[in-house]
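Residues per chain are reported as follows:
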Amino acid sequence: MNLTKSEIKKLDKEYIVGTYNRYDLAIDHGKGARCVSVDGREYIDFTSGIGVNCLGYCDEGWVGAVITQVMKLQHCSNLFYSEPQVKAASMLVEKTGMSKVFFGNSGAEANEAAIKTARKYGTQNKGDNCNKIITLVNSFHGRTIATITATGQDNYHKYFTPFLDGFLYCPANDIDTLKSLISDDVCAIMMEMVQGEGGVLNLDEEFVQAAASICADKDILFIADEVQTGIGRTGRLFAYEHFGIKPDIVSFAKGIGGGLPIGGALFGPKTCNVLQPGDHGTTYGGNPVATAGAAYILGKMDDEFLKEVEAKGEYIREALLKCPKVKSVSGMGLMLGVAIEGKTASEAVKTALEKGLMALTAKDKIRLLPPLTITKEEIDEGVAILIEAIEC
Ligand SMILES: *Cc1c(COP(=O)(O)O)cnc(C)c1O
């Protein structure tokens, strides 16, 4: 009854719009950091579905929380109250000290909510022209028209003209250029603490703190795009905590759902009442099933769990740096970028897949986003395959 891999590939080519170049693997099922393809081969997963399956495949507690909710109430729209939504929101607020949450369904939508809030805040408080947002060169903020405009990479800025006005781009870690871009028309600065799609590039603490202090001085909003770095990925609940700053808006998605589509934005005291009825919304946002899963995941993210994420990241980093072909390992926690020599990152990732390890690329790096719950044995097995793939 089940389709074979070649049948799936054929139907995919025929019926699915070709927006992705897929790897040669059709996954059937998984548990923890291991999954099994439709042709019965086992793989170690260092991707978590691009940072989404933060508790691995089909974590028992998460499955239980989701199933219990889906059997009780799957959806009720945002015209009515629902318990899972307020539970997940209150956990996010209590764990961060932020003020309120807006729930959407993806990272791009999370950033749309942040961008709309920043523009309303600027134009209401500082005049009609105060609607410019500074983002960083090499950033990635999503695929909608607003968020590809926010994305500071030229290759995203083609075909879909006209793009939005009002975005300015500053090279990462360049404090002087940032200062030169500041004017009375700027309502927000938005950045990823570690640029994920851009090549797992860590921002300098000095730069992030300078940006935060400019924002505080000039009543400009600091937006942290934590869609990839958030929900424990870097060894803190959110990566901005490493930098000793407090953003005005924090967008999140990927890891929070554990596999279900959910995203959103956390708002601080300045921004939590900017959006009013009618200003923004989304039919599925804060869906009971997705938020029941999110509440379960947030409940796991205590200090001990986060310390382990950090320790596992260090363990992988040290193991990889023993390989002479590994030039450097960037990133934080379990978000790692591996620069290699002798072959390209995409060649190494393809070879690793043939040998039973799923990994990602980001620009010229191998990108690793293993499940946060990965075990030491799974790490050892995966790292051995990766090194083999880099060296062979
Ligand atoms: C993935 C990502 C997005 C977009 O999220 P989607 O859920 O794909 O819309 C936005 N920002 C960052 C930093 C991301 O990594």
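Just above sits the structure.
The written sequence of each chain sets the order in which its residues are numbered from 1. Confidence filtering applies because this is a predicted model: local features only for residues at pLDDT of at least 70, side-chain atom pairs given and counted only at 80 or more, and all residues used for totals across whole chains, interfaces and linings. To obtain the side-chain values, all non-hydrogen atoms of the structure were included, while hydrogens and water were left out.

Draft legend 1. Inspection of the overall build of the chain at higher detail. Helix and strand definitions here come from DSSP, where helices need a minimum of 4 consecutive H or I residues and strands a minimum of 2 consecutive E residues; each element is numbered from the N-terminal end. Counting its secondary structure elements, the chain contains 12 helices and 17 strands. Computation of the radius of gyration draws on C-alpha atoms alone. For the globule rule, the value is 2.2 Å times the number of residues to the power 0.38. Computed over its C-alpha atoms, the radius of gyration of the chain comes to 21 Å, within 12% of the 21 Å expected for a compact globule of 392 residues. Projected onto its principal axes, the C-alpha coordinates of the chain cover approximately 60 × 50 × 45 Å. Counting all 392 residues of the chain, 53% fall into the buried class. When checking whether two residues touch, look at their non-hydrogen atoms; a contact exists if any pair is within 4.5 Å. By sequence separation, contacts in the chain at least 24 residues apart represent 71% of the contacts at least 6 residues apart. Note on areas: Shrake-Rupley, 1.4 Å probe, and residue coverage restricted to the protein chains presented here. Total accessible area on the chain stands at roughly 17900 Å², and carbon and sulfur atoms take up 53% of it. Here the chain carries 40 positive and 50 negative side-chain charges, and the mean point of each set is 2 Å from the other. Partly exposed residues are those whose accessible area sits between 20% and 50% of the maximum for their type, while under 20% is buried and over 50% is exposed, using a 1.4 Å probe and protein chains only. Think of it this way: Lys and Arg go in the positive column, Asp and Glu in the negative one, and His and the chain ends go nowhere. In this description, the location of a charge corresponds to atom NZ of lysine, CZ of arginine, CG of aspartate or CD of glutamate.

Draft legend 2. Fine view of the site of the ligand. Surrounding the ligand, one finds S106, G107, A108, N111, F140, H141, G142, E192, D225, V227, Q228 and K254. The definition of a polar contact used here is a pair of N or O atoms within 3.5 Å, where within protein one atom must be able to donate a hydrogen and the other to accept one, and adjacent residues in sequence count solely through side-chain atom pairs. The separation between a nitrogen atom of the ligand and a polar side-chain atom of D225 is 2.8 Å. Between Q228 and the ligand, the recorded distance is 2.7 Å, taken from a side-chain N or O atom to an oxygen atom. With the chains in place, 82% of the 380 Å² that the ligand exposes on its own is no longer accessible. The element that contributes the greatest number of residues to the shell around the ligand is helix 5 (residues 107-126), accounting for 3 residues. Gly is put with the polar residues, along with every residue not named as nonpolar or charged; the nonpolar set is Ala, Val, Leu, Ile, Met, Phe, Trp, Tyr, Cys and Pro, and the charged set is Asp, Glu, Lys and Arg. Across the shell around the ligand, the residue classes break down as 3 nonpolar, 6 polar and 3 charged. One heavy atom within 4 Å of a molecule or strand is enough for the residue carrying it to be called near that molecule or strand.

Draft legend 3. Local environment of the sheet that holds strand 17 (residues 365-368). Two strands form a pair only when DSSP identifies at least two bridges running between them. The 4 strands are arranged 13-14-17-16 in an open sheet whose pairing can be described as antiparallel. Pairing within the sheet leaves two strands with one partner each, and these edge strands are strand 13 (326-332) and strand 16 (360-362). Here the strands of the sheet are splayed against their neighbours by 30 degrees on average, with no regard to which way each runs. Bridge count between strand 13 and strand 14 (residues 335-340): 6 bridges; the pairing is antiparallel. In the sheet register, V326 faces strand 14, and the bridge partner there is I340. Throughout, an axis means a line fitted to C-alpha atoms (over the contacting stretch in the case of helices), and angles, computed between N-to-C directions, take values from 0 to 180 degrees.

Draft legend 4. Examining the packing of helix 11 (residues 345-354) against helix 12 (residues 376-391) more closely. Contact pair helix 11 / helix 12: the axes reach a minimum separation of 8 Å and the direction vectors enclose 130 degrees. One way to sum up the angle between helix 11 and helix 12 is to call them oblique. Here helix 11 runs over helix 12; the crossing is right-handed. Residues A348, T351 and A352 of helix 11 form the contact with helix 12, whose own contacting residues are I385, L386, A389 and I390. Roughly parallel means an angle under 35 degrees; roughly antiparallel means over 145; roughly perpendicular covers 65 to 115; every other angle is labelled oblique. Each crossing gets its handedness from the near helix: less than a right angle anticlockwise from the far helix is left-handed, clockwise is right-handed.

Draft legend 5. The nonpolar core, seen in detail. M191, F222, I366 and L368 are the most contacted members of the largest nonpolar core, which has 87 residues in total. Ranked by residue count, the leading element in this core is helix 12, at 7 residues. Beyond its immediate sequence surroundings of up to four residues, L368 is in contact with F46, I316, L320, L334, M335, L336, V338, A359 and L386. Residues belong to one nonpolar core when they are buried, are Ala, Val, Leu, Ile, Met, Phe, Trp, Tyr or Cys, and are joined through side-chain atoms within 4.5 Å.

Draft legend 6. Structural detail: the packing of helix 4 (residues 83-96) against helix 9 (residues 288-300). Between helix 4 and helix 9, the least distance of the axes is 8 Å, while the angle of their chain directions is 35 degrees. In the crossing of helix 4 with helix 9, the sense of the turn from one axis to the other is left-handed. Of the residues in helix 9, those in contact with P84, Q85, A88, M91, L92 and K95 of helix 4 are P288, T291, A292, A294, A295, L298 and G299. For the contact of helix 4 with helix 9, the residue count by class is 9 nonpolar, 3 polar and 1 charged.

Draft legend 7. Representation of the pairing of strand 2 (residues 34-37) within the structure. One ladder, built from 4 bridges, connects strand 1 (residues 27-31) with strand 2; its direction is antiparallel. Counted as the bridge partner of H29 is V36 from strand 2. Count of turn residues in the strand 1/strand 2 antiparallel hairpin: 2 residues, of which G32 carries a positive phi of about 60 degrees. Turn length for the strand 2-strand 3 (residues 42-45) hairpin, with the two strands adjacent in sequence and antiparallel, is 4 residues, and the turn residue G40 shows positive phi of about 85 degrees.

Draft legend 8. Quick peek at a negative patch on the surface. Together, D302, D303, E304 and E308 line one region of the surface with negative charge. Mapped onto the elements, D303 comes out in helix 10 (residues 303-321). Each patch groups residues whose relative accessible area exceeds 30% and which form no salt bridge, using 9 Å between like charges and 5 Å between nonpolar side chains of Val, Leu, Ile, Met, Phe, Trp and Tyr. By convention in these notes, a salt bridge is any Lys or Arg side-chain nitrogen within 4 Å of a carboxyl oxygen on Asp or Glu.

Draft legend 9. Inspection of helix 9 at higher detail. Taking 1.5 Å of rise per residue, 13 residues should cover 18 Å, and helix 9 covers 19 Å from first to last C-alpha, within 8% of that figure. Where burial is concerned, most of helix 9 is hidden: 10 out of the 13 residues are buried. Of the positions making up helix 9, those classed as buried are P288, V289, A290, T291, A292, G293, A294, A295, I297 and L298. For helix 9, the secondary structure elements touched by its buried residues are helix 3 (60-72), helix 4 and strand 4 (100-104). Looking at where helix 9 begins, the residue whose side-chain oxygen comes 2.8 Å from the main-chain nitrogen of V289 is N287. Expected helix span is given by 1.5 Å per residue-to-residue step, counting one fewer step than there are residues.

Draft legend 10. Representation of unusual backbone geometry within the structure. Note the cis peptide between T161 and P162, where omega equals -5 degrees. Here P162 lies in the loop between helix 6 (145-150) and strand 6 (167-170). Not every positive phi belongs to a glycine, and S77 is a case in point at roughly 70 degrees. Mapped onto the elements, S77 comes out in the loop between helix 3 and helix 4.

Draft legend 11. How the structure looks around a nonpolar patch on the surface. On the surface, L3, I8, L11, Y15 and I16 cluster together into a nonpolar patch covering about 470 Å² of accessible area. Within the fold, I16 resides in the loop between helix 1 (5-15) and strand 1. With a relative accessible area of 44%, I16 lands in the partly exposed category.

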